[in-house]
Number of protein chains: 2
Amino acid sequence: MIRLSTSDPAFDRDFTALVNARREVDADVARDVRTIVASVRDEGDAALAAFTKKFDKHDLNETGWRIEKSEWRAAYEALDPALREALDLAAARIAAYHEKQRPADSDTTDAAGVRLGARWNAIAAAGIYIPGGRAAYPSSVLMNAIPARVAGVERLAMVTPTPNGEVNPLVLAAAYVAKVDEVWRVGGAQAIAALAYGTGRIAAVDVITGPGNAWVAEAKRQLYGLVGIDMVAGPSEIVVVADGRNRPDWIAADLLSQAEHDPTSQSILFTDDADFARAVAAAVDEQIGELSTAKVARASWDANGAIIVTASLEEAIPLVDRLAPEHLELACDDPQALFDRVRHAGSVFLGRHTPEAIGDYVAGPNHVLPTGRRARFSSGLSVLDFMKRTSFLQLDPASLAAIGPAAVALAETEGLPAHAKSVALRLD
Amino acid sequence: MIRLSTSDPAFDRDFTALVNARREVDADVARDVRTIVASVRDEGDAALAAFTKKFDKHDLNETGWRIEKSEWRAAYEALDPALREALDLAAARIAAYHEKQRPADSDTTDAAGVRLGARWNAIAAAGIYIPGGRAAYPSSVLMNAIPARVAGVERLAMVTPTPNGEVNPLVLAAAYVAKVDEVWRVGGAQAIAALAYGTGRIAAVDVITGPGNAWVAEAKRQLYGLVGIDMVAGPSEIVVVADGRNRPDWIAADLLSQAEHDPTSQSILFTDDADFARAVAAAVDEQIGELSTAKVARASWDANGAIIVTASLEEAIPLVDRLAPEHLELACDDPQALFDRVRHAGSVFLGRHTPEAIGDYVAGPNHVLPTGRRARFSSGLSVLDFMKRTSFLQLDPASLAAIGPAAVALAETEGLPAHAKSVALRLD
């Protein structure tokens, strides 16, 4: 963890280093992924079975390729009732939030008599990737599947690896709640390639979303263009802007909730109170040892954590914008005043009673958010990622006479005579 | 040009071959582009000058790096008045159409007392790429720059190669009309890398859009994630669905307006009238020789053109959906009835008096559209490509008490104790 203060003479240099630090794994996976993707494209299910045997250590022809809906329902029904209710509440709230994202069509006729519009449609088929093993999160199933369902996608195929053949029942239960259509026991770059190209068993989809390791992320990147993808994702991060009147243990837990995800995660506190900064650092040290995730959280906090003391909370905001964080908490009395000045952040949590984790699960907004400063130009996952827009035009002889000559002039100057002719013929 | 009929026994096989035909250039440019991108990242302006000397055959330190606004204005003022008016009309109509795309923010409080919302902001800086030389289109400047301006982007940098140092005055005039902020005389993969990483002279941008050759497209693909990009673009295409009551010469001109772009372009006619099909084929042959673009148009039409006779116009629609064309004309008496059944198309042109070319220039909708069947999952360029959404949440003790326990249950089951603790501490 580093400690900075905007009053330090070297602050600019040190903060710039923090902004530019790359936390993304640089493993040279691109070549491996190219090989895997080409194999699945050319050999389909046979390649899928071979890679699954190699990486996930089970034989799909023995364990089964697909997990049937009866098994998802059984997994859901076997859950502790409180957990079942929690999943149902989360699903209902996520659906309600995403319903409001459905875009409106337009269809108008302007003064020149030109009819102009745009019409939105759902994509036909989506694939969602859900990691297997330890980091198998039912919340990821809900956050990826529900926007697709709200968009009106007809076919929703989930792929998830089952290392050593072991299925994660929480993920199955979430698939049941989120109403996916298919669950396939495949993972890694090979599963992404199967969804993109289609195989004998798995039909191709149009858009692929969902979290994954470096191989999965690279496969999505390589296949972007053949299919749509959600985003290029990196390690998770949180920035907390807090005054000295917060409880240090609350803020410490918020910082650790990000740190416990992965050693490459990042947690940063901005505060205008140096005593509070020290108290939070102490609370982090106190809490960290109690966590079952202590090893990961400590690695992340040690390597990537930061506490930055500013002269005022307002002074922190332009610094936050440079970080363009995935998650931003504004823990103070008038969070709206600060929020009004924030430009780049994936999701913002206002006030002292809005811990970031509430947004990970049940509040409603999507937890798939831009990382690595990408909030400068991209947004969290939404219904729009599963829809596309068709623009349309309709002219009649009068409206074509009004605007056609300008098109003819521009086409001629661009050296495109057939463009000009297609308009000019209709002007005679 | 191939001729198919849905009544042929081999139709399914032949049409599937047409759908799956790859028209994209397979040149192995990825390695070259990686080298160029790395050089610009590491050596900045020096690499930019060296690549410009090599590929564009001029010395930036002699010709100048930047073209000043006074030159754009001079280019605009030197235009033929009719052309100036055509550019102004196009810009005004494009701006009017895109104004309606500005998304609405949301901010509501639900029954549980949870405040939920989403706020849209423009990205800070955009870069647009405009090809130089023959295929330098002022319309591309308008179509890329105006949505960015409408979005509220503060800094809009245009890059365009000037082969042998020659500047295209039409492109400069369009830059003046579209109110870009900077014009740089650089092109190719090196210009994309300069915009993405920034160099001593050219500041980095957040999003890069605009057409380009295979090197430019590959550079955008490689840098996607560091910056946002518009899309992975391929050769242009048009599908025309027309009954026998159209003028064959009109429809022939429409088909040729796509064919004249590039030998890889594709033009396809669906009609329910075999006589009309023959008449259009004859009209294409008649018109093609008269075009200054004859060589390109003939290469495209011979290699990729198709005329498909169907039993009815309705029968054509599911086939059109399989092609998911960039441009679709519906030339018949009741185009709306057909349009209601279309699902996958970039832009649709309704009726006999709406040639596709009117949309390329002055109608208003964007002419940057998904190609190569990507209309299944992506949309034309819009104001949204230059904006991003921040979701937000605000809870108070009562609303956190209502939904917090579900978050704690889910966090615990996912094995993330700090997530659970950050909520649970606030429930005490």
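Cut-offs and rules
Residues numbered from 1 in each chain as written. Chains lettered and ligands numbered in written order. Predicted model: local features only at pLDDT ≥ 70, side-chain atom pairs only at ≥ 80, totals over all residues. Heavy atoms only, no water. Least-squares fit on C-alpha atoms with pLDDT ≥ 70 in both. Salt bridge = Lys/Arg side-chain N within 4 Å of Asp/Glu carboxyl O. Helix = DSSP H or I, 4+ residues; strand = E, 2+ residues; numbered from the N terminus. Buried < 20%, exposed > 50% of the residue type's maximum accessible area, 1.4 Å probe, protein only. Phe/Tyr/Trp six-rings, centres within 6.5 Å; stacked < 30°, edge-to-face > 60°. Lys NZ or Arg CZ within 6 Å of the ring centre and 35° of its normal. Pairing = 2+ DSSP bridges. Contact = heavy atoms within 4.5 Å. Axes fitted to C-alpha atoms, helices over the stretch in contact; angles between N-to-C directions. Domains from an automatic or database assignment. Left-handed = near helix turned anticlockwise from the far one by under 90°. Nonpolar A, V, L, I, M, F, W, Y, C, P; charged D, E, K, R; others polar. 1 Å grid on protein atoms, 1.4 Å probe; cavity = no way out; pocket = protein on both sides within 12 Å on 5 of 7 lines; lining within 4 Å. Points joined across faces, edges and corners; volume = space filled by probe spheres on them. Polar contact = N/O pair within 3.5 Å; in protein donor to acceptor, adjacent residues only side chain to side chain.

**Q** Explain the relation of the copies chain B and chain A here, please?
**A** One copy of the chain maps onto the other through a rotation about an axis followed by a shift along the same axis. With an RMSD of 0.0 Å, the operation that places chain B on chain A is a rotation of 180° combined with a shift of 0.0 Å along the axis. Here the symmetry operator amounts to a two-fold rotation axis.

**Q** Whenever I open this one, the pattern of salt bridges confuses me. Can you help?
**A** Using the criterion set out here, one finds 40 salt bridges over all chains in the structure. Arg221 of chain B is the partner of Glu218 of chain B in a salt bridge, and the nearest nitrogen-oxygen pair spans 3.4 Å. Within this pair, Glu218 of chain B and its partner Arg221 of chain B are both found in helix H10 (residues 214–223), separated by 3 residues, close to a single helical turn. A residue is classified by how much of its surface remains accessible, and Glu218 of chain B, at 13% relative accessible area, is buried. Connected via shared salt-bridge partners are Asp243, Arg245, Asp333 and Arg352 of chain A.

**Q** In this structure, what is going on with the packing of aromatic side chains? I would like to understand it.
**A** The geometry of an aromatic ring pair is captured by two quantities: the separation of the ring centres and the angle between the planes. Using the criterion set out here, one finds 11 aromatic pairs over all chains in the structure. Each member of the aromatic cluster is reached from another via a ring pair, and the members are Phe11, Phe15 and Phe270 of chain A. The cationic tip of Arg201 of chain A hangs over the ring face of Trp65 of chain A; the distance from NZ or CZ to the ring centre is 4.1 Å. The aromatic ring of Phe339 of chain A is capped on one face by Arg119 of chain B, whose charged end is 3.6 Å from the ring centroid.

**Q** So what exactly am I meant to see when it comes to the sheet that holds strand S5 (residues 155–159) of chain B here?
**A** Across a sheet, strands are paired by hydrogen bonds formed along the backbone, either parallel or antiparallel in direction. Residues and elements named next belong to chain B. Taken in spatial order, the 5 strands line up as S6-S5-S4-S7-S8 in an open sheet, and their pairing is parallel. Single-partner strands in this sheet number two, and they are strand S6 (182–184) and strand S8 (228–229). Sheet topology note: the S5/S6 ladder contains 3 bridges and is parallel. What sits directly across from Met158, in S6, is Val183. Strands strand S4 (125–129), S5 and strand S7 (207–209) of the sheet are contacted by helix H7 (residues 138–151), whose axis makes an angle of about 165° with S5.

**Q** Help me out: how do you make sense of the domain arrangement of chain A in this one?
**A** Size of an interface, as often reported, equals the accessible area lost when the parts are brought together. Domain boundaries in chain A define domain 1 (30–108 + 122–229), domain 2 (234–376) and domain 3 (395–427). For domain 1 of chain A versus domain 3 of chain A, the separation of C-alpha centres amounts to 48 Å.

**Q** Help me understand the packing of helix H1 (residues 11–20) of chain A against helix H14 (residues 313–323) of chain A in this model?
**A** In a pair of packed helices, the angle between the axes and the distance between the axes together describe the arrangement. Residue and element names in this part refer to chain A. Contact pair H1 / H14: the axes reach a minimum separation of 9 Å and the direction vectors enclose 35°. Of the two possible hands of crossing, H1 and H14 adopt the one that is right-handed. Residues Phe11, Phe15, Thr16 and Val19 of H1 lie in contact with H14, whose contacting residues are Leu319, Arg322 and Leu323. In the contact of H1 with H14, the residues fall into 5 nonpolar, 1 polar and 1 charged.

**Q** I keep staring at the layout of surface pockets and nothing clicks. Help me out?
**A** Empty pockets left among the atoms are what a rolling probe the size of a water molecule brings to light. A volume near 660 Å³ is recorded for the second largest pocket. Around the second largest pocket sit 32 residues that line it, and Gln101, Pro103 and Ala104 of chain A together with Pro103 and Ala104 of chain B are the ones nearest its centre. Elements supplying a minimum of two residues to the lining of the second largest pocket: strand S3 (106–109) and strand S4 (115–122) of chain A together with strand S2 (106–109) and strand S3 (115–122) of chain B.

**Q** Explain the side chain of His327 of chain A to me, please; I cannot follow it from the model alone.
**A** All names here are of chain A. The residue His327 is located in strand S13 (residues 327–331) in this model. Residue His327 is classed as buried on the basis of its relative accessible area of 2%. Of the polar contacts made by the side chain of His327, one reaches the side chain of Glu356; its length is 3.1 Å. Each residue touching His327, except ones within four places of it in the same chain, is listed here: Ser236, Glu237, Ile238, Val239, Gln258, Ser347, Phe349, Glu356, Asp360 and Leu369.

**Q** Please clarify how unusual backbone geometry should be interpreted in this entry.
**A** What is expected of a backbone is that most residues other than glycine have negative phi and most peptide bonds are trans. Phi at Lys179 of chain A is positive, roughly 60°, even though this residue is not glycine. Summarising the element assignment, Lys179 of chain A is placed in the loop between helix H8 (169–178) and strand S7 (182–184).

**Q** Can you walk me through empty space enclosed by the protein in this structure?
**A** This model, assessed by the stated rule, comprises 7 cavities of 30 Å³ or more. Looking at the largest cavity, it is lined by 39 residues, and the ones nearest its centre are Asp230 and Asp385 of chain A together with Ile229, Asp230 and Asp385 of chain B. Those elements that provide at least two residues to the lining of the largest cavity are strand S9 (228–229) and strand S15 (387–394) of chain A together with S8 and strand S14 (387–394) of chain B. Residue composition of the lining of the largest cavity, by class: 19 nonpolar, 12 polar and 8 charged. Here the second largest cavity is characterised by a volume of approximately 70 Å³. Lining the second largest cavity are Arg389, Thr390 and Ser391 of chain A together with Tyr97, His98, Gln101, Gly346, Pro365, Asn366, Leu369, Gly380 and Leu381 of chain B.

**Q** Help me understand the sheet that holds S14 of chain B, please; the structure alone is not making it clear to me.
**A** With mixed pairing, the 9 strands of this open sheet are ordered in space as S1(A)-S12(A)-S11(A)-S10(A)-S13(A)-S14(A)-S14(B)-S3(B)-S2(B). Two strands in the sheet have a free side with no partner beyond their single neighbour: strand S1 (2–5) of chain A together with S2 of chain B. The average angle at which neighbouring strand axes cross in this sheet is 15°, direction not considered. Two elements, S13 of chain A and strand S14 (residues 347–350) of chain A, share 4 bridges in a ladder whose sense is parallel. Residue pairing for S14 of chain A: His327 of chain A is matched across the bridge by Ser347 of chain A.

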